[in-house]
Amino acid sequence: VSLYRDRVSPVLIDLGCSSRLLVRWRRRTVAGLSGVVLEIGQGSARNLPLLPAEVTRVLAVEPSGAMWSRGARRREAATMGVERVGREGERLDLTAASVDAALITFTLCSVADAAAVLGEVARVLRPGGRLHLLEHGLAPDARTARWQRRLDPLEQRLAGGCSLVRDPLAELASARFDVLEVEQAYAGGPRSWTYLTRAVATPRAT
Ligand SMILES: C[S@@+](CC[C@H](N)C(=O)[O-])C[C@H]1O[C@@H](n2cnc3c(N)ncnc32)[C@H](O)[C@@H]1O
């Protein structure tokens, strides 16, 4: 199991994230980011080359050594400083209100506790700071959703806990984020994996 988890699964996950169809979605997701950006689940750092010039530093959280290694070249080529500040988004060793913005792409689908991750993001974002999110998730049409429910147990086993049936907007709402911008569509490719949600959201002022 650990050979699969440590060697095979990172390659498959990274392959899934490398699709050219996703680059345009990634570009729209990172648009508007600036200053110090927290990235949860940086993986192989596929967003780094796309970040706007206004981003001055990236604080990366990534549990998998194998995924982190696969991003080495992109991190070396990055124009801003990139620092790994933690392993799990559920527990961030960062002070409250210490980052300008947060970025999560294709990671809320895999984390053990999405509510805890979003709670931590809300805590460390400065007032008015925004989370830029891109996820696949539960499809709106019944036929695809049925397939997603059938495939989900296998997907979770083979792809590092990735679930096909999560609803990113519902997760944002229950973590008390206000959604400022949203785009949802099939990106092309197999429908169970490609119903995408791009959102910009900010923690609700209490
Ligand atoms: C499908 S990959 C996406 C990687 C990258 N964000 C991208 O868009 O290419 C999901 C990543 O989330 C990471 N991950 C899993 N659980 C996590 C957690 N609890 N906190 C932070 N990252 C996590 C995985 O190790 C993996 O690198």
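Residues numbered from 1 in each chain as written. Predicted model: local features only at pLDDT ≥ 70, side-chain atom pairs only at ≥ 80, totals over all residues. Heavy atoms only, no water.

Student: I would appreciate a short explanation of the overall build of the chain in the present structure.
Tutor: Counting its secondary structure elements, the chain contains eight helices and seven strands. For 206 residues, the compact-globule formula gives about 17 Å, and the C-alpha radius of gyration of the chain, at 16 Å, lands near that figure. On the principal axes, the C-alpha backbone points of the chain span a range of 40 × 40 × 30 Å. With 206 residues in all, the chain has 45% of them scored as buried. Taking as baseline every contact in the chain between residues at least 6 positions apart, the subset at least 24 positions apart corresponds to 68%. Looking at the chain, you have 29 positive and 22 negative side-chain charges, and the mean spots of the two groups are 5 Å apart. (Helix = DSSP H or I, 4+ residues; strand = E, 2+ residues; numbered from the N terminus. Rg over C-alpha atoms; globule rule 2.2 N^0.38 Å. Buried < 20%, exposed > 50% of the residue type's maximum accessible area, 1.4 Å probe, protein only. Contact = heavy atoms within 4.5 Å. Lys, Arg positive; Asp, Glu negative; His and termini not counted. Charge placed at Lys NZ, Arg CZ, Asp CG, Glu CD.)

Student: I'm lost on the site of the ligand in this one. Help?
Tutor: Around the ligand sit 19 residues in total, of which R26, G41, E62, E90 and T105 are the nearest. In the model, a nitrogen atom of the ligand is placed 2.7 Å from a nitrogen or oxygen of the G41 main chain. Here an oxygen atom of the ligand sits 2.6 Å away from a polar atom, N or O, in the side chain of E62. The fraction of the free accessible surface of the ligand (590 Å²) that becomes covered by protein chains is 90%. Of the residues that constitute the shell around the ligand, the class distribution is seven nonpolar, seven polar and five charged. (Near = heavy atom within 4 Å. Polar contact = N/O pair within 3.5 Å; in protein donor to acceptor, adjacent residues only side chain to side chain. Areas by Shrake-Rupley, 256 points an atom, 1.4 Å probe, with all protein chains shown as cover. Nonpolar A, V, L, I, M, F, W, Y, C, P; charged D, E, K, R; others polar.)

Student: Before we go on, may I ask you to explain helix α1 (residues 2–17) in this structure?
Tutor: In an α-helix there are 3.6 residues to a turn, and that puts residues three or four apart on one side. Between its first and last C-alpha atoms α1 spans 21 Å; for 16 residues at 1.5 Å apiece the expected length is 22 Å, and the two agree. At V8, α1 shows its largest kink, close to 40 degrees, and the proline P10 lies no more than four residues downstream. Here α1 has its buried residues at S9, P10, D14 and C17. The inward-facing, buried residues of α1 abut α2 (21–30), α3 (65–70) and α6 (142–158). (Expected span 1.5 Å × (residues − 1). Bend = angle between axes of the 7 residues up to and from the residue.)

Student: Looking at this structure, I do not really get the environment of W68. What am I missing?
Tutor: Within the secondary structure, W68 sits in helix α3. Spatially, the C-alpha atoms of W68 and R28 are 24 Å apart, while their sequence positions differ by 40 residues. Non-local contacts of W68, meaning those with residues more than four positions away in its chain, are made with Q42, G43, A60, E62, R75 and R84.

Student: I tried to follow the sheet that holds strand β1 (residues 35–40) on my own but got confused; where do I start?
Tutor: As summarised here, the arrangement of the seven strands in space is β3-β2-β1-β4-β5-β7-β6, forming an open sheet in which the pairing is mixed. Only two strands of the sheet have a single partner each, and these edge strands are β3 (81–86) and β6 (177–186). This sheet shows a mean twist of 20 degrees between the axes of neighbouring strands, independent of strand direction. In this sheet, strand β2 (residues 55–61) lies alongside β1 in parallel orientation, the contact comprising six bridges. Counted as the bridge partner of I40 is V61 from β2. Contacts between α2 and the sheet are confined to β4 (99–105), β5 (125–136), β6 and β7 (195–203), with β5 contributing the most and set at about 170 degrees to the helix. The sheet contacts of helix α5 (residues 114–124) involve β1, β4, β5, β6 and β7, and relative to β5 the element is tilted by about 145 degrees. (Pairing = 2+ DSSP bridges. Axes fitted to C-alpha atoms, helices over the stretch in contact; angles between N-to-C directions.)

Student: Which parts of the structure should I look at to understand the nonpolar core?
Tutor: Considering soluble globular proteins, one finds that nonpolar side chains tend to be buried as a cluster. Membership of the largest hydrophobic core comes to 24 residues, with the highest contact counts inside it found for L38, I104, V121 and L131. Looking at this core, the elements that each hand over two or more residues are β1, β2, β4, α5, β5 and β7. Looking at which element gives the most residues to this core, the answer is α5, with five residues. With near-sequence residues (within four places) excluded, I104 lies in contact with I40, V117, L118, V121, L131, H132, L133, L134 and E135. Grouped together as the second largest cluster of nonpolar side chains are twelve residues, V30, L33, V58 and A101 included. (Core = buried A, V, L, I, M, F, W, Y, C linked by side-chain atoms within 4.5 Å.)

Student: Can you walk me through the environment of V55 in this structure?
Tutor: Residue position: V55 is located in strand β2. Judged by its relative accessible area of 4%, V55 falls in the buried class. Not counting chain neighbours up to four residues away, the residues in contact with V55 comprise L33, S34, G35, V37 and M80.

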